[in-house]
Amino acid sequence: MDEKLKVGILGGTGMVGQRFIALLENHPWFEVTAVAASPRSAGQAYGAAVNGRWKMDTPVPEPVKNIIVSNVNEIETVAAGVDFVFSAVDMSKEEIKKIEEAYAKTETPVVSNNSAHRWTPDVPMVVPEINPHHMQVIPYQKQRLGTSRGFIAVKPNCSIQSYAPVLTAWKEFEPYEAVVSTYQAISGAGKTFQDWPEMQGNVIPYIGGEEEKSEREPLRIWGEIKNGVIEPAQGPVITSQCIRVPVLYGHTASVFVKFRQRPEKEQLLEKLASFRGEPQKLQLPSAPKQFIQYLEEDNRPQPALDVDYENGMGISVGRLRKDTVYDWKFVGLSHNTVRGAAGGAILCAELLKAQGYITKK
């Protein structure tokens, strides 16, 4: 690629925005040229705006330190200097819907980490290995928005990454019912232990809105485009509980599954090992080479040992065994701020570029 696409980060000073900044350092296709945030950060150099609240393990990338943070509400100004934007803004759902559509209407594609548009019928919500074909709904969305190149695409909730890919790999065995309990890291709430000391040695058995997302969003990912909108699949039926645990990074899922077919363990493991998607075929820059790994040890996967598998873009699975009530059960693990947030959105943008939806202005 001769010239990198210019990228803006909306909400660039928050935890997910910081993760975008960190992951995009030295990206072969994309270059961060604009950062936008709330009016209180606007006008400062990015390094100064995040001074004392930079939450990544690596330092603020040098090329971004001196970018002057723009006011995210000055839409035309921000959009004028970029080819597309990533959105990680911290606003109400209605405000996010409004601002993301406003950016799209400046003919600037928006790849969003936010949940506001996940159920907008003509907005694709994509895990690139699972439903890359859902990007084909974009022309219908452009028609509604009255744009020629502007649109919105979103990635799904962070916690479903630890089990939805696994159930997808097993699709031919017809899973029809699943019980999912997720044990979710505090960074999913944008926190560290310094911000949230009361989480140390603690468990909170409630995360607002999370159970509904965990049950419904996989069905939209498994749905099909009909009459210009995405119609969710009818199954498998999922019931869930979502619990906040004292872990910094990594969402773990305990899953029980019923199948209409009767797969053997070897068949299930083979499907995990051979599961590939468009990112692997296209060799996208952020794509994990091996999307799902299976760990044989009884005490794996663990966030402390496995969360960074494939640079945080892969899924780790373990403890696959027969169940006395359901057919099979397993434990899954994914990195919630990499695969589950910024990294998943970057992979979506790479797919959109490869498909021709994101180009230079």
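In this report, the structure presented in the accompanying data block is examined. (Residues numbered from 1 in each chain as written. Predicted model: local features only at pLDDT ≥ 70, side-chain atom pairs only at ≥ 80, totals over all residues. Heavy atoms only, no water.)

1. Examining the sheet that holds strand β10 (residues 237-244)
- Strand order across the open sheet formed by six strands is β10-β7-β11-β14-β13-β12, with mixed pairing between neighbours. Of all the strands in the sheet, just β10 and β12 (292-295) have a single pairing partner and so form its edges. Adjacent strand axes in the sheet meet at a mean angle of 20 degrees, parallel and antiparallel pairs treated alike.
- In the sheet, strand β7 (residues 175-184) pairs with β10 via eight bridges, with the strands oriented parallel. Bridge pairing in β10 places Gln184 opposite Arg244. (Pairing = 2+ DSSP bridges. Helix = DSSP H or I, 4+ residues; strand = E, 2+ residues; numbered from the N terminus. Axes fitted to C-alpha atoms, helices over the stretch in contact; angles between N-to-C directions.)

2. A short note on the nonpolar core
- Of all hydrophobic cores here, the largest spans 53 residues; its most connected members are Tyr103, Tyr163, Trp170, Trp222 and Phe330.
- Setting aside residues up to four positions removed in sequence, Phe330 forms contacts with Ser162, Tyr163, Val166, Trp170, Ala253, Ser254, Val255, Val257, Val317, Gly318, Arg319 and Leu320.
- Listed in part, the 41 residues of the second largest apolar core include Leu5, Ile9, Val50 and Ala349. (Core = buried A, V, L, I, M, F, W, Y, C linked by side-chain atoms within 4.5 Å. Buried < 20%, exposed > 50% of the residue type's maximum accessible area, 1.4 Å probe, protein only. Contact = heavy atoms within 4.5 Å.)

3. Re the pattern of salt bridges
- Enumeration according to the criterion identifies 15 salt bridges in this entry.
- The partner of Asp327 in a salt bridge is Arg262, and the shortest N-O contact between them spans 3.5 Å. Taken as a pair, Asp327 in the loop between β13 (315-322) and β14 (328-334) and Arg262 in the loop between β11 (251-259) and α9 (265-274) lie far apart in primary sequence, 65 residues in all.
- Of the charged contacts, one joins Lys281 and Glu278 as a salt bridge, the two residues approaching to 3.9 Å between their closest N and O atoms. With Lys281 and Glu278 both in helix α10 (residues 278-282) and three residues apart, the pair spans about one turn of that helix.
- We classify Lys281 as exposed; its relative accessible area is 62%.
- Among the residues examined, Glu278 registers a relative accessible area of 28% and is labelled partly exposed. (Salt bridge = Lys/Arg side-chain N within 4 Å of Asp/Glu carboxyl O.)

4. Topic: the packing of aromatic side chains
- Per the counting criterion, the structure on display carries ten aromatic pairs.
- For the ring pair Trp29 and Phe30, a centre distance of 6.3 Å and an interplane angle of 80 degrees mean the geometry is edge-to-face. Of the two residues, Trp29 and Phe30, neither departs from the other in class, the shared state being buried.
- Each ring, one from Phe30 and one from Phe84, has its centre 5.1 Å from the other, and the planes form 70 degrees; the classification is edge-to-face. Of the two residues, Phe30 sits in strand β2 (residues 30-37) while Phe84 sits in strand β4 (residues 84-87), which places them 54 residues apart along the sequence.
- Owing to a relative accessible area of 0%, Phe84 belongs among the buried residues under this scheme.
- The structure contains a cluster of three or more aromatic residues connected by ring pairs, namely Phe20, Trp29, Phe30, Phe84 and Phe86.
- Positioned above the aromatic ring of Tyr249, the side-chain terminus of Arg19 is 5.0 Å from the ring centre.
- Lying across the ring of Tyr326, Lys258 places its NZ or CZ 4.7 Å from the centre. (Phe/Tyr/Trp six-rings, centres within 6.5 Å; stacked < 30°, edge-to-face > 60°. Lys NZ or Arg CZ within 6 Å of the ring centre and 35° of its normal.)

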